[in-house]
Every structure is written in C-alpha cells, then in structure tokens.
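Structure at a glance
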Amino acid sequence: MPRYQPARIEPKWQSWWEAHDTFATPRLPRGRKTYLLDMFPYPSGDGLHVGHPEGYTATDIVARFERMRGTSVMHPMGFDAFGLPAEEHAIRTGTPPRESTERNIATFRRQLKMLGFSYDWKRELATTDPGYVRWTQWIFLVLFDTWFDPETGRGRPIAELPVPPDVAARGDAAVAAFRDSHRLAYQSEAPVNWCPALGTVLANEEVIGGVSERGGHPVVRIPLRQWMLRITAYAERLENDLALVDWPTSIKKLQSDWIGRSTGAEVDFFVAPAGAAASFDAWRHARRAAGFPAEAGREALRVYTTRPDTLYGVTYLVIAPEHPMIDLLTTPDRRDAIRAYREAAARKSDLDRTDLAKEKTGVFTGSSCIHPLTGLPVPVWVADYVLATYGTGAIMAVPAHDGRDWEFAKAFDLPIVTVVEPVDGTGHTESLFTGDGRAVASGPYTGLPTREFIARVAEDLRAAGMGRPAVNSKLRDWLFSRQRFWGEPFPVLHELGPDGRPTGAIRTVDASELPVRLPELVDFRPGDTPDPPLSRAGHDWLYVERDGKRYRRETNTMPQWAGSCWYYLRFLDPANGERFVDPEVERAWMPVDLYVGGAEHAVLHLLYARFWHKVLHDRGHVSTPEPFARLVNQGMILGEMEFTGYRSVKGGWVSAEAATADDTPARIPADQVEKQGEHFVLRDAPRIRVDSRAYKMSKSRGNVVNPDAVVREFGADSLRLYEMFMGPLEATKPWSTAGVGGVRGFLDRCWRLVVDERADDVRLSSQVVDDPPTDDQLRELHRMLDKVTTDIPALSFNTAIARMMEFVNFCTPLERRPRALLEPFVTVLAPFAPHLAEELWEVLGRPAPVSLVAWPIVEARWLKDDFLEIPVQIGGKLRARVTVPADTDVASMEAAAAADPRIAELLAGKQIVKVITVPGRMVNFVVR
RNA sequence: GCCGGAGUGGCGGAAUGGCAGACGCGGCGGACUCAAAAUCCGUUGCCAGCAAUGGCGUGUGGGUUCAAGUCCCACCUCCGGCACCA
C-alpha cells in the first residue's frame, strides 16, 4: 500500500506550509538577503502552460536553498492582469473583464500552489487591484511632475524648470504650456499606429512589419492626441547603465540596438531662393557671426549624418514625405506630383514602406539647396526611404558611400561622386564603398583618413555656424495611451470652457484622491473610431468639478506595460496605504538579485521598467540605479518531437527533401521510423525520408502539454524535477513525457530508500539503520553535496539532479543504509522535490519542516580520494590506466605509468622524446 | 542582408585544453513470477574480431598543441532577433 503517492502527500504538505506560514518573508531582511523574482504571468483563460513552471521552479529551488542557508529570501508572485485578451474575451462573452480576470487568477493561483512554490502568498498582488492601480497612477503623476535636465542628465521636479523670461512675460498660460512641453509625460498630436481591428492605437514596438504583433491585423497611421513618455531623454543612461547589470550579453545587445545610439553631425544646407549666390554669401556671413541656431528656420534645410566626411560626395538631398518644409521647397510645376506622392506615402503602411518596397521611390521637389562647403546647388528630393521620425527627417545623399542612396541614385539616374577610397590600396572604386578609408576629391580635406576628417570637419562646421556634432537614437518616445477599457485610467482632467469644449488646459487628480477607478460600463467594446470606450461612461464618472471649474476625465487608458513596470517594488510592501513602498524596506531589499523570465521581454518590458526605475531614482523614491541586478532567460519548451512524412496527391509517400506544397504532411509514429545516416527514414520504405523536429507548443498544432494532467499522472515534484532535468535552463528543449516518467522513477527510488514498501502503513524501512557510514559512503555523500551546493547558485540544475541520481543509485543496493547518509540527502532533495522531501523527513522521524532545516556542510576531506586512476597515453592516445596514491608526485607517476606491463611493451624499442605529466590527471609519453 | 545562439549515441543531454558520451529515456539480456506488471541486476557510440585488442568517432575543411567537443581561420545547417534609423 505505501507506494510513493504524490496525490496524497503533495496537498498534505502544501496545507502544512500554508498553515504554518513556512515561507513568510520578514518585513526587513535579517542578515544576508536575496530577492528572487519571476516574471509574473498574464492570467490567460487557458491556465498555466508548462513553460511557466520552468522559470518558476528555477527561482523556487534557489529560494528554498538560500532559506536553508540562513538567507532572508524575498520570493513573491502576482498577476499582470490588465490587457487585451481579457478584454476581448469579455467582448465575446459579455462578461465584464474584472470577472473573467478574477476567475483566471483563481485558476493560476490554484495551479501555482499545486506545484509547491515557496512564495510568500501574503504578498500576492494583481496589477488590476485598486490598491495597486492607485500607485501606478501615482507614478504617472511623478512622471508628469518631472522634466529632464540635460545639464545634470537627471529628472527633476517641474517646479525647478527654469522658465525663460520671455515665456514668463507672456503669462501663466504660456508658463503652463512651457512646462507641459518639458514633462516626461506629455500629450502629442503625432501620427500614431491605429489598428481598426483591435480598436486601439499601438506602440511602434507592438507593430511588426506593418501589422499588429497581437493578431496580425493591419495598422494605419493617423494623427491623434496621445500621451507620450519621454523615454528618449533617458536613452543615454539606459544604454550606459547596461554596464552595471549582470545580464546575458545577447539581451544587453538587443537593448543597445533598440536604443540605437549613433553619433554624427547636423549640417544646414541653405535654402536657395531664386537668385541664389549672393544671398548664400550673406547667409554664410550671418551664420559665422551668430553661430549654429537651435532651429534651422526657413532659410536652411537641416540634415543629420553619421558621415560628415562624405560631404563632398553629396549629389542630392532627400526629405521625408512628412517633412514640414516640403511645401516651401516644392516648386509650382512639381506641386501635383509631390502631393500625389505624399498621399501615396500616407496610405502606405509601414509594411509597404519596408518589406515589400525594396524598390526606391521618390519625386524631385524642383528646388535646390546650397552646399555649405562648396557653395554649389544640390537638388532636393522627396522619398519615403527617409523617415520623418528619425534625425531631422532629411538627409544628405552620398550614393557612392551609402547603400540606400546608391540604390536611389541608380533608380533615378542621379550622379555618383566617389570621395572615399579604401586604404588597403585597391584604389579608386566605381562601386559602392561604405567603409572607412581615405578622402579623395574633398577640397582641403583630401587625403585625410575618415575618422580624422570627421573630427576636423565637425569643428570647422561648428566654427562656421553651419553644423554641430549631434547624437541620435532609434528609440522613440513611448506612446503610453490606449483606446481600450481594460487598463489604468489616467489621473488627468481636461478643463472645459463655458461652451463645454476642452480649453486645452489640464490638471491632474490629486494624489490623495487616487485611485481613479474604472467606471462600470455596459458596453466596453472599442469603437470604429479611436474614441475610447471610457468616453461612453456615465456623466457622473466623466465630468467632475474642481475649484469651480468643470473638467472631463481623460478617457484613454494606460497600456499593459504600465503595471509590470514597478510590480517588483510593490511586492516589498504590498499593503502599504501611505506610500508605494516604504523607503526603509526598499533600501533593504533592492535590487532584485535574480530575475528569471522569457526572452520575449528582452526589450520592451525590461526597457520600460528600467526607465521608470531611473525616474523614481532621480526623484529620490528608490535607492538603486538599476532594478534587476542579474537576469536569466529561461529557454522555450517545445512540444514532443514529431516525425512528419509527406503523401503525394496520388497517395504514395514522397521523400521529405522532394516534397512540395502539393504533398500533404502526415504525422508518423516514432516506431515506424529509423535513423539512416544523417536522416530519418520510414522503416518500411527506407528511401523515403521524413522530417524530424519539435515544434513550438500551440493549440492549433495540438501539442500543448497541460501541467494539471502531468501533475495528475506523475505529481508536482516530478514535473518540477523533470523541467529542471531536461537540460540547461536557458536552452530551448523539447518536451518528453517518457522523460517525466524517468524522473518519477528516480523519486520512486528515493521513496523506497527510506520507506518500507511492504508494510501496510507508511513506516521507516528496516534497512535504514543508525550505523556510522563508511568512508566510501561519506565520500559519495559529500561529493554529491558539493556538486549540488555549487550547481544551485549556478542554476545548473540538470547536473545537480544527475548527481543526486548517482547518489541514489549508490545507496539502493546497500542492505544497511545509515541514517547519517539519508538525512543529508533528503535535506538537499528538498528544494527540488519539496513535498517528497517533507514526507521522507517525517518518516525518518525528524520534525517538519525540512524546508527550513540548515543546509548540510560539505566536508572537504571527503572530496579527496586515497587512490586515483590515471590515464596513460602514448602519443596522445589512451593506452592504459594505472592506479596511484592520490598524492603521488610527478616522477612516481611516470614511473608507475612506465611500469605498467602494456605501456612497457608499447614503449619497448621506442625513443621517448618527452613525458608530459599533469599531477593527479594524466601521463603522456611522446615517442619517436 | 545584419546581429546573436546552437550543432556530441536512436532521443534529452554531460564534460577547468587532459580517460568523449556522466545522468535520464529508449533498446538488449538476466533475476523474481504460473504468467504479466512492478522491482532489482547487468549491458548498450560505430566498425572488425570468438576474444585480448585494434581502428573510427563531437556539423564540414584546414590550423595551433605532447594532447582539441573545448582555442584559431574558413564554410555548411538549424533556431531566435533586427531589418531603409542616414
């Protein structure tokens, strides 16, 4: 009867832990602290996926391990519960999102508890809790109250923003407008990505190749009033501070590329009116006297270039279709052509402008600008390969040294002038050359190496008032509003005039009045227009009066990212009604020491959270410059390995490499294929190759593994252990149900090591005895302990588990199993298979919980062997092994090796050129 | 196209430049059993050989080294990301 029954012991210990608050975290750490954080899940209607427990088990093992070593452990869990899927489900079924969200959270909570994670559940939070939303809105107010001071490179209170006298002179409204234009949270009328199918505006990051990331719906660009967050102000710090964190280099690189910092220069080209030359001279003199102005004005077209050394190779200029100076630069005869081109460009989605349209398009404006160094006219074109949103929205085209300009020049038959030659002596080149080299045909700069040229010309342009060094980044300001229902309302009020229309003035909701709750809405569907659902809220919600003025609430909501930007801070002090987090608590626990989650958040979530954190840091609300000290991405778990054969229309099999779209793929059971050379083939028709690979789990493919089913069949400890045993945490790896059975077999053996299986009730096996362990047994034990102890902090769980399996394999045949061997083993098993470990600990007669027992001490003296088996090589090939005492010196090792009969035989008659001996490792005879 | 990461038995994987394949799955053989399951024991990279043993072997081709899965060069395949950012 007393077989290992996870279904009985797992709920038992889960209740025990809960009843005893075993994993409660103190308000402040006592002694050493560690903060172990999982990326909290979005509680979808499908419940937990086997991918979730992978990272969660990893951090849980570390958490349990650290607790047993006496560390104060912060290990919380919560739910990222705002967002589109809940809202869409709500729309489909007519249930309010809050209801379905709560139901989904209940499912997730049940599943997470079923897996035995040692979270401090008293800290649980959901981003949708009013008590949480309150502080998300409060942080928005902080962003709203902050401007970025470029002098100090930090965010400061808006009250400290210096107001220029001429602005102040124009009155309060002008001052307010000036401040609003400097806030980190500001409104903008810029063109946005409107997705009609989703009924919302999307951030650039949520639009992939012209369609929405979620759902793949078309996206069009329309102008709309939006809330923006000035993340670009922090671009440089977000980039530089990557040096402060221990993250995978690939993630750092991804963030760095996303920020996309580039250095170069801005250069002004004089806009030539009809009779050019004379006025260019006048402009030039004025510029030399006055210097480079902050705005180019109407007299000059400002371009951004990373290669000012190619100025002499400029053969035309290009402005984006949305460039503000386009009308000014268009000559009357070109007006129709330009208008047509602009309209076409506006209709094009980003998809058309990038992926499909590799062909360059553009139209000549009819006018020219004057080159600042040569004084010669340069024609101005309009083309959509220049983006309005990057740099100045205008470029100087150097077709000889830029691939895009090259293509454009070829397409429109524009001149190509070479001004850089490779230094490696290949000489003058007729083809595109984009590398660094040496300047040719560049006036006084001819002969200069690229880098020197850039430095020199930048200085000269600055002195002439024609240009200045400039830095740009690909990062755009963060579009922070959504036209949806299920998100945090903005704590913002729009003032209404006597006519009931907005005056343009805004005020924020006082922090003491937060949270601004979502209204009860009968109809929360998005509209056909970008008018948000909240605008259909009742008047009592929508209109408020403050200080005798009427206001209408902001009806946009925040994006899903908002809640996940700071949840790691709220976990530290989740019930605080006075502050978003107690500073004493924050200082004690931050930063997060280990953050584990999927690589899909490499850019967006992690960049946004870092940005908010830096603003909070600048404003004195948090103590660390970075939130997440160490980051690890768990790999994806794929579905079970599949073999796919192809059937032709006629019914026969087609070999995989010859299959076409007409042949239908068919799944083939594993026992009908075999490996032949490089490929798998059909067992019954070895000429027919089949594809073999594992696919991403998806409902449509039908290969999704449900954790509930795995727990039912094998138990939670088996699921935990299997996911850790599959391979390295960070690797992508296929699921194998047989593999789960494998680790279950291991847990069964652990059980039988301790429990008498033939008895009627759970009782200690008579083979467990109080004998002192033998030296051999202690060696085996401490080696296992040592491996597990070093592997856990390295997150190398698969090898730790392998070592525990070896230990169990060692113990299984023992007729008499010393308790002093088994108890430390059960202790170190506890982080991996906590339920089983608790049960075995109880069977061993020790007081629960093993989860808080001190981690065993590894005794170094048991890690050394008395004798070692040393490989002996001749010419690098293994020929024999000899056993020598562990402390044998080099000479004795060589002697022992040479004395081996087989080695002696092989060495006979050979001349030994050299003997390489690595003490304690190997001997190698190099012979001639 | 550019940037990452990875290629090791039938499968998942292990190996501070020093015995390739730990551990698990699967396979094969045995014990127990009337039998099966479960369990336990043994065996299992490929080729040749009765065997001792020998040869080959970490995607491909070169190189460095007494010694390379590991370091260097070139290439191939797969996976992930980015993609007119001047």
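Scroll up to find the structure this text is about.
So, here's what we can say about the structure. Because the structure is predicted, anything quoted here is derived from the model rather than measured. (Residues numbered from 1 in each chain as written. Chains lettered and ligands numbered in written order. Predicted model: local features only at pLDDT ≥ 70, side-chain atom pairs only at ≥ 80, totals over all residues. Heavy atoms only, no water.)

1. Some thoughts on the pattern of salt bridges
Counted by the stated rule, this structure contains 61 salt bridges. With a closest N to O distance of 2.7 Å, Asp21 and Lys122 form a salt bridge. One end of the pair, Asp21, is in the loop between α1 (6–20) and β1 (33–38); the other, Lys122, is in the loop between α4 (97–114) and β4 (125–126), with 101 residues separating them in the sequence. The exposed category is assigned to Lys122, whose relative accessible area is 62%. (Salt bridge = Lys/Arg side-chain N within 4 Å of Asp/Glu carboxyl O. Helix = DSSP H or I, 4+ residues; strand = E, 2+ residues; numbered from the N terminus. Buried < 20%, exposed > 50% of the residue type's maximum accessible area, 1.4 Å probe, protein only.)

2. Comments concerning the packing of helix α26 (residues 819–829) against helix α27 (residues 834–843)
At their nearest, the axes of α26 and α27 sit 8 Å apart, and the two run at 155° to each other. When the axes of α26 and α27 are compared, the pair comes out roughly antiparallel. α27 is crossed by α26, and the crossing has left-handed handedness. On α27, the residues that touch Glu823, Val826, Thr827 and Leu829 of α26 are Leu836, Ala837, Leu840 and Trp841. (Axes fitted to C-alpha atoms, helices over the stretch in contact; angles between N-to-C directions. Parallel < 35°, antiparallel > 145°, perpendicular 65-115°, else oblique. Left-handed = near helix turned anticlockwise from the far one by under 90°. Contact = heavy atoms within 4.5 Å.)

3. Topic: the side chain of Thr310
Along the chain, Thr310 turns up in the loop between β15 (300–305) and β16 (316–319). Every residue in contact with Thr310, bar those within four places of it in the chain, is listed here: Met396, Val398, His401, Val419 and Val420.

4. A short note on the nonpolar core
Grouped together as the largest cluster of nonpolar side chains are 174 residues, with contacts concentrated most on Trp612 and Trp735. Non-local contacts of Trp612, meaning those with residues more than four positions away in its chain, are made with Thr136, Ile139, Leu143, Leu229, Trp478, Phe480, Ala562, Cys565 and Trp566. Grouped together as the second largest cluster of nonpolar side chains are 51 residues, Ile370, Val378, Val420 and Phe453 included. (Core = buried A, V, L, I, M, F, W, Y, C linked by side-chain atoms within 4.5 Å.)

5. Digging into the sheet that holds strand β7 (residues 185–188)
One open sheet accounts for three strands, arranged β7-β13-β23; its pairing is antiparallel. Across the chains shown, the open sheet's two edge strands, defined by having one partner strand only, are β7 and β23 (478–479). (Pairing = 2+ DSSP bridges.)

6. A word on the environment of Ile416
Inspection of the secondary structure puts Ile416 in the loop between α14 (403–412) and β20 (420–421). C-alpha of Ile416 to C-alpha of Val398: the two residues are 18 residues apart in sequence and 7.4 Å apart in space. With residues near it in sequence (within four places) discarded, Ile416 still touches Thr315, Pro399, Ala400, Trp406, Ala409 and Lys410.

7. Focus on the side chain of Ser655
Mapped onto the elements, Ser655 comes out in the loop between β32 (653–654) and β33 (664–668). Engagement of the side chain of Ser655 in a polar contact is seen with the backbone nitrogen of Arg689, the distance being 2.9 Å. Look past the residues within four positions of Ser655 in its chain and what remains in contact with it is Arg687, Ile688 and Arg689. (Polar contact = N/O pair within 3.5 Å; in protein donor to acceptor, adjacent residues only side chain to side chain.)

8. Some thoughts on the packing of helix α22 (residues 716–725) against helix α25 (residues 797–811)
Contact geometry for α22 and α25: axes closest at 7 Å, N-to-C directions at 115°. Taken together, the residues of α25 that come into contact with α22 (itself represented by Leu721, Met724 and Phe725) are Phe797, Asn798, Ile801, Ala802 and Met805. Taken together, the residues of the contact of α22 with α25 sort by class into seven nonpolar, one polar and no charged. (Nonpolar A, V, L, I, M, F, W, Y, C, P; charged D, E, K, R; others polar.)

9. Things to note about the environment of Pro308
Mapped onto the elements, Pro308 comes out in the loop between β15 and β16. Along the backbone, Pro308 and Met396 are 88 residues apart, and their C-alpha atoms lie at a distance of 9.4 Å. If near-sequence neighbours (up to four positions away) are discounted, Pro308 is found in contact with Ala265, Phe453, Ile454 and Val457.

10. Topic: the packing of aromatic side chains
Going through the model one piece at a time under the given rule, you end up with 50 aromatic pairs. Ring geometry for Phe270 versus Phe280: centroids 5.9 Å apart, planes at 45°, classification tilted. Within this pair, whereas Phe270 is found in strand β14 (residues 262–271), its partner Phe280 is found in helix α10 (residues 277–290), the two being separated by ten residues in sequence. Measuring from centroid to centroid gives 5.3 Å for Tyr385 and Phe408, while their planes differ by 45°, and the two rings are tilted. You can see Tyr385 sitting in the loop between β18 (377–382) and β19 (394–397) and its partner Phe408 sitting in helix α14, a full 23 residues away along the chain. According to the relative accessible area criterion, Phe408 is buried, its value standing at 0%. An aromatic cluster of at least three residues, connected via ring pairs, comprises Phe140, Phe144, Phe148, Trp227, Tyr234, Trp478, Phe480, Phe490, Trp561, Tyr608, Phe611 and Trp612. (Phe/Tyr/Trp six-rings, centres within 6.5 Å; stacked < 30°, edge-to-face > 60°.)

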